[in-house]
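Remarks on the overall topology
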Amino acid sequence: MYRLRCSIINFVVFLFLVPIFGFAEDVEKSSPVTVSGKLSIFSRYTDNPYFGGEINYKGSKPDDLYGEIAATVAVTAKQNTDIGLLTGQLGVYMAQTIGDDFYGLIKNETNTAWDAAGYDSESENVLLNQAWLKLSEAFGSSFDITVGRQDIALEKGFIVWGNPRLETAAWINFQQSFPFAVRVDNKFGNLSTTALWAQAERYDKDAFENDVKLYGINMHYDFNEDAYIYGSVFRKDEPSLDDTSSDIDTQENNTTSYDLGADIKYGKFQFELEGAYQTGDVITASDKFDRDAYAYWGAVTYRFEANLNPYVRGSYFYYSGDDDDSSDIEAYDPMFSGMSGWNRFFIGEFVGENQLGNSNKEAFVYEVGMSPTESLNVALMYITDNLAEKNAQGNKHWANEIDLLVDYFIAEGVYLHVGFGYAMPGKAAEDLYGDDADGTFAQCQLTYNF
């Protein structure tokens with residue numbers, strides 16, 4: 001019923017495209033309709049994804065080698081009208097997992113996460129991905145209004161980067177759209193604002209819930225081309241336990257997040273800093289708690305003026321966890337954070353991708369890299385992951401990880417990624433998984449954009 005409701009809303013939005021595009025008056029000629037998309041093929045080898053343990057949705061070890069293929073195709077049309085520039089897009093997402101993925105989530109046509117949450121375990125290989133209508137400079141103003149199924153990615157992605165639906169091809173994960181959203185953007189001088197209301201489906205950071213609401217505003221101010229600040233207030237409302245769509249949902253998390261960030265370049269240095277404080281209610285079957293949580297991260301990058309364009313970067317990430325002595329819920333709620341780049345904000349292609357989510361976590365990332373050409377970047381990263389709060393055995397150190405990541409833009413629209421990694425478990429990981437075997441991975445992705 002939920003999917004049907006969202007599909008009807010999106011269909012109604014697109015019913016307006018036909019008369020608008022066909023009969024708009026007093027306008028310049030419509031620009032040509034464009035078709036765009038991308039195709040990606042991915043394969044990964046992983047040894048000991050749980051450091052020798054067998055903890056996943058199925059209680060067993062996934063395949064060492066598996067693959068994913070995914071594609072998106074979108075049709076976009078534009079039309080100038082008396083009330084502003086109208087743009088509409090309709091797009092689909094197609095994907096398939098080949099084998100048993102290293103998350104232990106998806107095996108070919110079967111999604112074991114959906115089965116555990118009470119959904120149909122058969123993966124859907126084709127999904128609606130985009131269905132939106134945008135009015136730019138609405139009614140002669142500086143406001144842009146976008147309505148329908150759409151991607152929403154704000155700033156560096158610490159709070160809002162998307163609504164991934166882990167149906168299949170979970171690593172490639174091209175499907176990031178909110179099933180229905182209203183977004184209003186405005187720019188006044190150096191100040192930009194984005195206000196939005198969005199509805200999420202299969203919210204993956206808490207029991208794959210449907211009908212999760214997100215609303216709030218983000219503000220961005222540019223001092224000059226080398227310095228800017230941004231801040232936001234966003235509220236996430238989850239359905240009550242009586243109305244939940246997931247069999248594994250145990251609590252209602254209604255979280256308000258207050259965020260502030262800055263990016264400053266000074267000479268060869270770049271400084272990035274962002275922090276979020278969270279309040280709200282956490283409701284269980286028997287009680288109600290106040291949330292008092294926070295998270296922050298920072299990074300300093302130095303770029304050398306030398307052959308191969310080398311750089312060094314140090315980053316620190318902290319996400320609060322529950323303190324046993326507190327009556328409040330102090331575990332950070334990851335909201336709709338996503339991946340805007342390596343270690344932003346899946347920290348480590350081994351630990352961050354598969355083991356530790358962004359709550360009760362501390363991470364140090366030391367990175368050196370170079371760009372021999374504009375189309376090639378090579379990065380070597382050393383990552384230390386800890387729990388923010390000690391576990392029941394009194395341990396915090398989770399793992400150390402080394403990643404080598406190579407990104408190469410072979411030609412216009414053609415991108416190749418190759419990655420290798422080695423992870424060494426700490427006592428906290430050994431306590432959970434019951435083993436201390438080192439983990440390794442090797443992965444490759446080829447993407448064509450058109």
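Rules of the game
Residues numbered from 1 in each chain as written. Predicted model: local features only at pLDDT ≥ 70, side-chain atom pairs only at ≥ 80, totals over all residues. Heavy atoms only, no water. Phe/Tyr/Trp six-rings, centres within 6.5 Å; stacked < 30°, edge-to-face > 60°. Buried < 20%, exposed > 50% of the residue type's maximum accessible area, 1.4 Å probe, protein only. Helix = DSSP H or I, 4+ residues; strand = E, 2+ residues; numbered from the N terminus. Lys NZ or Arg CZ within 6 Å of the ring centre and 35° of its normal. Salt bridge = Lys/Arg side-chain N within 4 Å of Asp/Glu carboxyl O. Pairing = 2+ DSSP bridges. pLDDT = per-residue confidence, 0-100. Contact = heavy atoms within 4.5 Å. Patch = residues over 30% accessible without salt bridge, like charges linked within 9 Å, V, L, I, M, F, W, Y side chains within 5 Å. Areas by Shrake-Rupley, 256 points an atom, 1.4 Å probe, with all protein chains shown as cover. Lys, Arg positive; Asp, Glu negative; His and termini not counted. Charge placed at Lys NZ, Arg CZ, Asp CG, Glu CD. Polar contact = N/O pair within 3.5 Å; in protein donor to acceptor, adjacent residues only side chain to side chain.

What follows deals with the packing of aromatic side chains. Aromatic rings considered in pairs are described by the distance between their centres and by the relative angle of their planes. The full count for this structure, using the stated rule, is 32 aromatic pairs. Between tyrosine 302 and phenylalanine 304, the aromatic rings sit 4.8 Å apart at their centres with planes inclined by 80 degrees, giving edge-to-face as the arrangement. A relative accessible area of 38% places phenylalanine 304 in the partly exposed class. Relative to tyrosine 332, the ring of tyrosine 319 lies with its centre 5.6 Å away and its plane at 50 degrees, an arrangement referred to as tilted. Of the two residues, tyrosine 319 sits in strand β16 (residues 311–319) while tyrosine 332 sits in the loop between β16 and α4 (348–354), which places them 13 residues apart along the sequence. Of the two residues, tyrosine 319 and tyrosine 332, neither departs from the other in class, the shared state being buried. One aromatic cluster is present, formed by Phe158, Trp297, Phe317, Tyr319, Tyr332 and Phe345 through successive ring pairs. The ring of phenylalanine 441 has arginine 44 sitting right over it, with the charged end atom 4.4 Å from the ring centre. Geometry around tyrosine 119 places arginine 202 over its ring, the cationic atom sitting 3.7 Å from the centre.

In total, this model carries 17 salt bridges according to the counting rule given. A salt bridge links lysine 205 to aspartate 204; its shortest N-O distance comes to 4.0 Å. According to the relative accessible area criterion, aspartate 204 is partly exposed, its value standing at 23%. Of the charged contacts in the structure, one is a salt bridge between aspartate 281 and lysine 288, with a shortest N-O distance of 3.8 Å. Shared partners join several salt bridges into a network, and the residues in it are Arg149, Arg165, Glu167 and Glu201.

Two strands pair when backbone bridges link them, and strand β15 (residues 293–303) and β16 are joined in this way by 9 bridges, in the antiparallel orientation. The residue of β16 that forms the bridge with alanine 295 is tyrosine 319. As paired strands, β16 and strand β17 (residues 361–373) are joined by 9 bridges and run antiparallel to one another. Following the sheet pairing, tyrosine 318 is matched in β17 by glutamate 362.

Across the chain, pLDDT averages 92, with 93% of residues at or above 70. With pLDDT under 50 throughout, residues 1–30 is counted as low confidence; its partners more than four residues away or in other chains account for 54 contacts.

Next up on the list: a negative patch on the surface. The grouping of Glu109, Asp115, Asp120 and Glu122 at the surface amounts to a negative patch. On the secondary structure map, glutamate 122 appears in the loop between α3 (112–117) and β6 (126–136).

Summarising the element assignment, threonine 255 is placed in strand β12 (residues 252–266). The exposure class of threonine 255 is buried, given its relative accessible area of 0%. Reaching out from threonine 255, the side chain makes a polar contact with the side chain of arginine 291 at a distance of 3.3 Å. Reaching out from threonine 255, the side chain makes a polar contact with the side chain of aspartate 333 at a distance of 2.8 Å. Every residue in contact with threonine 255, bar those within four places of it in the chain, is listed here: Phe234, Arg235, Lys236, Gln278, Thr279, Arg291, Asp333 and Met335.

Another point: the environment of aspartate 259. By the secondary structure assignment, aspartate 259 is in strand β12. The buried category is assigned to aspartate 259, whose relative accessible area is 7%. Along the primary structure aspartate 259 and aspartate 206 are separated by 53 residues, whereas in three dimensions their C-alpha atoms are 21 Å apart. Setting aside chain neighbours within four positions, we find aspartate 259 in contact with Phe158, Ile159, Tyr230, Gly231, Ser232, Glu274, Gly275 and Ala276.

It is worth spelling out the environment of asparagine 111 at this point. Locating asparagine 111 in the fold gives a position in strand β5 (residues 110–111). Note on asparagine 111: relative accessible area 0%, which makes it buried. Placed 187 residues apart in sequence, asparagine 111 and glycine 298 show a C-alpha to C-alpha distance of 36 Å. Those residues in contact with asparagine 111 that sit more than four places away from it in its chain are Leu105, Ile106, Ser121, Ser123, Leu166 and Glu167. There is a polar contact of 3.0 Å between the side chain of asparagine 111 and the backbone nitrogen of alanine 113.

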